[in-house]
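Spelled out, the chains give:
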Amino acid sequence: MNKPLISLASAFALTASWTSPLAAQEEPAGAPSPNEIVEGAEAEEWVSIPAEDLLVMTLAPSSDGTEREVVIQLMPAPFSQGWVENIRTLARTGWYDDITVNRVQDNYVVQWGDLNYDNPEADGEPKLLPEGLKVMDESAYTVPASHYRFYGKPGGKVHESRSTPPLKMVNLFGRYAGYDGFSQGWPVAGNNSAVPAKKRNARENAYNNSRPDRIWPVHCYGMVGVGRNYSPDTGSGAELYTVIGHAPRHLDRNIALVGRIIEGMEHLSSLPRGSGALGFYTEEEADKRTPIVTVRLASDLPAAERPTFEYLSTEGATFAKYVAARANRRDPFFIVPAGGADICNIPVPIRRAGE
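Okay, so let's go over this structure.

Analysis parameters
Residues numbered from 1 in each chain as written. Predicted model: local features only at pLDDT ≥ 70, side-chain atom pairs only at ≥ 80, totals over all residues. Heavy atoms only, no water. Helix = DSSP H or I, 4+ residues; strand = E, 2+ residues; numbered from the N terminus. Buried < 20%, exposed > 50% of the residue type's maximum accessible area, 1.4 Å probe, protein only. Contact = heavy atoms within 4.5 Å. Areas by Shrake-Rupley, 256 points an atom, 1.4 Å probe, with all protein chains shown as cover. Pairing = 2+ DSSP bridges. Axes fitted to C-alpha atoms, helices over the stretch in contact; angles between N-to-C directions. Phe/Tyr/Trp six-rings, centres within 6.5 Å; stacked < 30°, edge-to-face > 60°. Core = buried A, V, L, I, M, F, W, Y, C linked by side-chain atoms within 4.5 Å. Disulfide = S-S within 2.5 Å. Salt bridge = Lys/Arg side-chain N within 4 Å of Asp/Glu carboxyl O.

Regarding its fold elements, the chain presents six helices and 17 strands. Considering the chain as a whole, with its 355 residues, one finds that 50% of them fall into the buried category. For the chain, long-range pairs separated by at least 24 residues make up 72% of all intrachain contacts whose partners lie at least 6 apart in sequence. Carbon and sulfur atoms provide 52% of the accessible area of the chain, an area that totals close to 16700 Å².

In C-alpha cells, the structure reads:
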C-alpha cells in the first residue's frame, strides 16, 4: 500500500509503482493496469469491514523507536467461526497481551503465542487459557460450497455454481483443488474432484466422500492461521501464524485459516529468522523475540482509535475486470500475457475507508 499498507491489502498497488531500468522512457499507450482498474471502482463497490472483524495487534517498538501495529481481518461466517470466536474471547480477556513472536521461518511463516506453548525451544509452564473456548472438529476446515461465486466472463454477470470452475487460475501441479475462486472477498478453493479416486489414499477418499461440494480458504501470502499439534488436535486460536513466503497450499484443509494481515505486514515479514527447529528462536536468541504488547478488537477500542477498512467487492464488475487484468497483463510494461494466474497472485484490494 501507499501509506504503510505493504500487505495483502495493497499488493495490487505495488505493480503500479514498480519501475524498471527503463523508467525514464516515455510510457507507451496500453491497457489499464490492475491498479488503475481498482482506482476506477465506484464507491458502492467497496464493502466496509465490520469493526468486530478487525484485530489490532500492537508490537513493542522497534530498536529505533518506531511504533509497530498490525491489523488482522478475521474471517466472516461461514468460515472458521469456532476459531474466530475463540480469538475474540482471547483478545477480550487480554490473554494475548505480553505474548511474543516465537518462530520466524524463512519463506514460510511467522508464528506468535505463549512462549511455553508447543515450543520445542522452551521448557516453562504454558499460560492458562480462558474458560469457555470452543473445540473444533477437523470437518470445520471446510464449508458447504453454496457460498462460492465466480465470473463466467470478465466483466460479465455474476454466476453461482457448485461445479463449474471460475476464470482460469493456475494451480501448481493442479493438485491443490478442483477449482479456485472468491467468496465474500476471500480467496477460496473447492473439492479436488479432478483427481481420480484411485490416485488418492484411503484416508483422503474417506475425507472427500464424506464432504461433497465443499470450499475452503487458501494459504496465500499474509493469511493468518491457527497453530496446532498432531491430528486430531485443531488448535484453539491461542497460537497464530501468518504466511511470509511462497503460498504453502499443501496446508489447505489441514489447518484452520482465520484471517489475513491487511496492514503492518512489514513489521512481521522483516523480523530476524530463528535458527532453531522450524525457525523457533533458541534460548540464545531470546533477545530476537518480539513482544506483543496488546491485541484488541477494533470494536472494543475508543471510536477515535478505531481503524476502518473496506475491500473491493468480489461480486462486482470492477473486480472481474481486475481479475482478468491480473491474469493477462496488457499494460505497457508487459509483452506476453500469461493467460492465467494463481489464486494467490490476485490479492483482493483492501484500503483504509475514505481513501
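Okay, back to it.
What follows is about the sheet that holds strand β3 (residues 68–74). Taken in spatial order, the eight strands of this closed barrel run β2-β3-β14-β12-β13-β5-β4-β15, and their pairing is antiparallel. The average undirected angle you get between the axes of adjacent strands in this sheet is 35°. Strand direction decides the pairing type here: strand β2 (residues 54–59) and strand β15 (residues 291–297), joined by five bridges, are antiparallel. Among the inter-strand pairings, M57 is bridged to a residue of β15, identified as V295. Packed on one face of the sheet, helix α3 (residues 81–92) meets β2, β3, β12 (223–226), β13 (240–243), β14 (257–263) and β15 and runs near 115° to β15.

Pairs of aromatic rings are described using the distance from one ring centre to the other and the angle between the two planes. Evaluation of the coordinates by the stated rule reveals five aromatic pairs. Between W95 and Y96 the ring centres are 5.9 Å apart and the planes differ by 75°, which places this aromatic pair in the edge-to-face class. Taken individually, W95 and Y96 each receive the classification buried, so the pair is uniform in this respect. Centre to centre, the rings of F319 and Y322 are 5.6 Å apart; their planes meet at 50°, and the pair counts as tilted. Here Y322 and F319 lie together in helix α6 (residues 317–327), a separation of three residues that amounts to about one turn. Note on F319: relative accessible area 0%, which makes it buried.

Moving on, we come to the environment of V293. Among the secondary structure elements, V293 is positioned in strand β15. When the C-alpha positions of V293 and T100 are compared, they lie 8.5 Å apart, and in sequence the two are 193 residues distant. Look past the residues within four positions of V293 in its chain and what remains in contact with it is T58, L59, A60, D97 and D98.

Moving on, we get to the pairing of β13. Because side chains alternate across β13, one face comprises the buried residues L240 and T242, and the other comprises Y241 and V243, equally buried. Sheet analysis places strand β5 (residues 109–113) next to β13, joined by four bridges and oriented antiparallel. Bridge pairing in β13 links V110 to T242. As judged from the three bridges shared by β12 and β13, these two strands associate in the antiparallel manner. Bridging across to β13, V226 finds its partner in L240.

Right, let's get into the sheet that holds strand β1 (residues 46–48). Strand order in the open sheet formed by three strands is β1-β16-β17, and the pairing between neighbours is antiparallel. Only two strands of the sheet have a single neighbouring strand rather than two, namely β1 and β17 (350–352). Between one strand axis and the next, the sheet turns by 35° as a mean value, whatever way the strands run. Direction of pairing for β1 relative to strand β16 (residues 309–312): antiparallel, over a ladder of three bridges. Note that in β16 the partner of W46 across the bridge is L312.

Further remarks concern the nonpolar core. I49, L54, F182, I262, F309, F319 and I346 are the most contacted members of the largest nonpolar core, which has 46 residues in total. For this core, the secondary structure elements donating two or more residues are α2 (34–39), β2, β9 (179–183), β10 (186–190), β11 (214–217), β14, β16 and α6. Ranked by residue count, the leading element in this core is α6, at five residues. Setting aside residues up to four positions removed in sequence, I49 forms contacts with L54, Q73, I262, F309, E310, Y311 and I350.

Another aspect to go through is the pairing of β16. Alternating residues of β16 divide into F309 and Y311 and E310 and L312, and every residue in both groups is buried. Pairing of β16 with β17, which is carried by three bridges, proceeds in the antiparallel orientation. Opposite Y311, over in β17, you have I350 as the bridge partner.

This brings us to the state of the cysteines. In total, this model carries one disulfide according to the counting rule given. A disulfide bridge connects C220 with C344, and the sulfur atoms are separated by 2.1 Å. Since a negative S-S torsion denotes a left-handed disulfide, the C220-C344 link at about -80° is left-handed. Linking C220 in the loop between β11 and β12 with C344 in the loop between α6 and β17, this pair joins segments that are 124 residues apart in sequence. Each member of the pair, C220 together with C344, is buried.

For the rest of this paragraph, the subject is the pattern of salt bridges. In the structure shown here, the tally under the stated rule is 13 salt bridges. We note a salt bridge from E85 to K134, for which the minimum N-O separation is 3.9 Å. One end of the pair, E85, is in helix α3; the other, K134, is in the loop between β5 and β6 (143–144), with 49 residues separating them in the sequence. Residue K134 is classed as partly exposed on the basis of its relative accessible area of 37%. One salt bridge in this structure joins D106 and R273, with 3.0 Å as the shortest N-O distance.

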